[in-house]
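Fold and contact review
What follows is the residue order along each chain.
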Amino acid sequence: MSSRSAVAPVALAVGALLISMVSYQCGASLAKHLFPQVGAQGATAYRLGLSALMLLAWRRPWRRSGGGRDWRALWGYGLSMGAMNLVFYMSLRTIPLGIAVALEFTGPLALALAGSRRPLDFIWIGLVVAGLALLLPLRAQAQALDPLGVAYALAAGVGWALYIVLGKKVGASHGGDAVALGITIGALLTIPFGAVHAGAALLSPALLPYAVGVALLSSALPYSLEMVALTRLPARTFSTLLSLEPAIAAVAGAVLLGQRLSLLQWVAVTAIIVAAAGTALSVRRPALAQPLPT
């Protein structure tokens, strides 16, 4: 196999991941505009419910046989996706998008650093700890973050780590149907929360264009692209390549939502980004060449 043909699948995976990150953050910014009408719970129900309808209509996974598929991993993948989305949107009610993603990103970063024993890895861990110390509401200043919002964002990080690990297994056993089935399971978890919180407001025709945009940009497109990356990259590599996510979120929040971070908050976000990028660059080359065993 030529070096060019060996690099092509990795380049495809990285390109798909970059597009998915930009799409995801644009969708999250759009979703904030739905919060006054239907709340974070209703926005999550819109996002996963409409995404599930889109992907089920496109993939029609019921046409394929279910033999030999890992259904337990699929349910874990779908439930972790649903919970991750719900608590992440709950965090956006009280903390800026860029900070919420930086806190959420600690999940994939912990996964990337899991099992590391090299001295260099402890430098990256130290940067993450420093970034969190600056972001967490440990100080009594006026700019201290809402503790509940921080807790929701960190919980989303746990869900994100589970999503990565289980996504590799589900992608291997369910192929192209994995995202459609996983989002459908996630929708089953989140729609009741949205219905209880927003009630009949979810059926408002005026909100439908925003809801479709959120579903497409935040779930249907990015999760489909992420599955392309997940099935072509090791989980550890995938996690570290997400290092641009907090920066993209901060820019999206500033441009689309008018959110501004303080200098100290930018330093904290940058520390987490540098830690993630440093971990990515220090991954041994063989790990980049072939996926982890599933």
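Residues numbered from 1 in each chain as written. Predicted model: local features only at pLDDT ≥ 70, side-chain atom pairs only at ≥ 80, totals over all residues. Heavy atoms only, no water.

This paragraph deals with the confidence of the model for the protein. Close inspection of predicted coordinates is inappropriate in any region flagged by low pLDDT. For the protein, mean pLDDT is 82; residues scoring 70 or higher make up 85% of the total. Note on residues 285-294: pLDDT is under 50 here. Beyond four places in sequence and across chains, it has 14 contacts. (pLDDT = per-residue confidence, 0-100. Contact = heavy atoms within 4.5 Å.)

Inspection of every chain in the model, using the stated rule, returns 6 aromatic pairs. When the ring of Tyr-24 is compared with that of Phe-88, the centres are 6.2 Å apart and the planes differ by 40 degrees; the resulting orientation is tilted. With Tyr-24 in helix α1 (residues 3-32) and Phe-88 in helix α3 (residues 71-92), this residue pair connects regions lying 64 residues apart in the sequence. Accessibility assignment for this pair places Tyr-24 and Phe-88 in one class, buried. The ring centre of Trp-58 lies 5.7 Å from the NZ or CZ of Arg-59, which sits over that ring. (Phe/Tyr/Trp six-rings, centres within 6.5 Å; stacked < 30°, edge-to-face > 60°. Helix = DSSP H or I, 4+ residues; strand = E, 2+ residues; numbered from the N terminus. Buried < 20%, exposed > 50% of the residue type's maximum accessible area, 1.4 Å probe, protein only. Lys NZ or Arg CZ within 6 Å of the ring centre and 35° of its normal.)

Turning to the nonpolar core, a few remarks are in order. Judged by nonpolar contacts, the single largest core of 81 residues is most densely connected at Tyr-77, Phe-88, Tyr-89 and Tyr-163. Looking at this core element by element, the count peaks at 11 residues for α3. Contact partners of Tyr-163, with chain neighbours within four places excluded, come to Tyr-77, Ser-80, Met-81, Met-84, Tyr-223, Glu-226 and Leu-230. (Core = buried A, V, L, I, M, F, W, Y, C linked by side-chain atoms within 4.5 Å.)

On to helix α5 (residues 106-113), then. For α5, the tally of buried residues reaches 6 of 8 residues, placing the bulk of the element in the interior. Among the residues of α5, those classed as buried are Thr-106, Gly-107, Pro-108, Leu-109, Ala-112 and Leu-113.

At a minimum axis separation of 7 Å, α3 and helix α8 (residues 178-198) run at an interaxial angle of 50 degrees. When the axes of α3 and α8 are compared, the pair comes out oblique. Considering the relative orientation of α3 and α8, their crossing is right-handed. Facing Trp-71, Leu-74, Trp-75, Tyr-77, Gly-78, Leu-79, Met-81, Gly-82, Ala-83 and Leu-86 of α3, the residues of α8 in contact are Ala-178, Val-179, Leu-181, Gly-182, Ile-183, Ile-185, Gly-186, Leu-188, Leu-189, Thr-190 and Phe-193. Residues that form the contact of α3 with α8 fall into these classes: 16 nonpolar, 5 polar and no charged. (Axes fitted to C-alpha atoms, helices over the stretch in contact; angles between N-to-C directions. Parallel < 35°, antiparallel > 145°, perpendicular 65-115°, else oblique. Left-handed = near helix turned anticlockwise from the far one by under 90°. Nonpolar A, V, L, I, M, F, W, Y, C, P; charged D, E, K, R; others polar.)

Relative to each other, helix α7 (residues 147-174) and helix α9 (residues 208-230) sit at 75 degrees, their axes nearing to 9 Å. Judged on the interaxial angle alone, α9 and α7 are roughly perpendicular. Of the residues in α9, those in contact with Tyr-163, Ile-164, Gly-167, Lys-168 and Gly-171 of α7 are Tyr-223, Glu-226, Met-227 and Leu-230. Residue composition of the contact of α7 with α9, grouped by class: 5 nonpolar, 2 polar and 2 charged.

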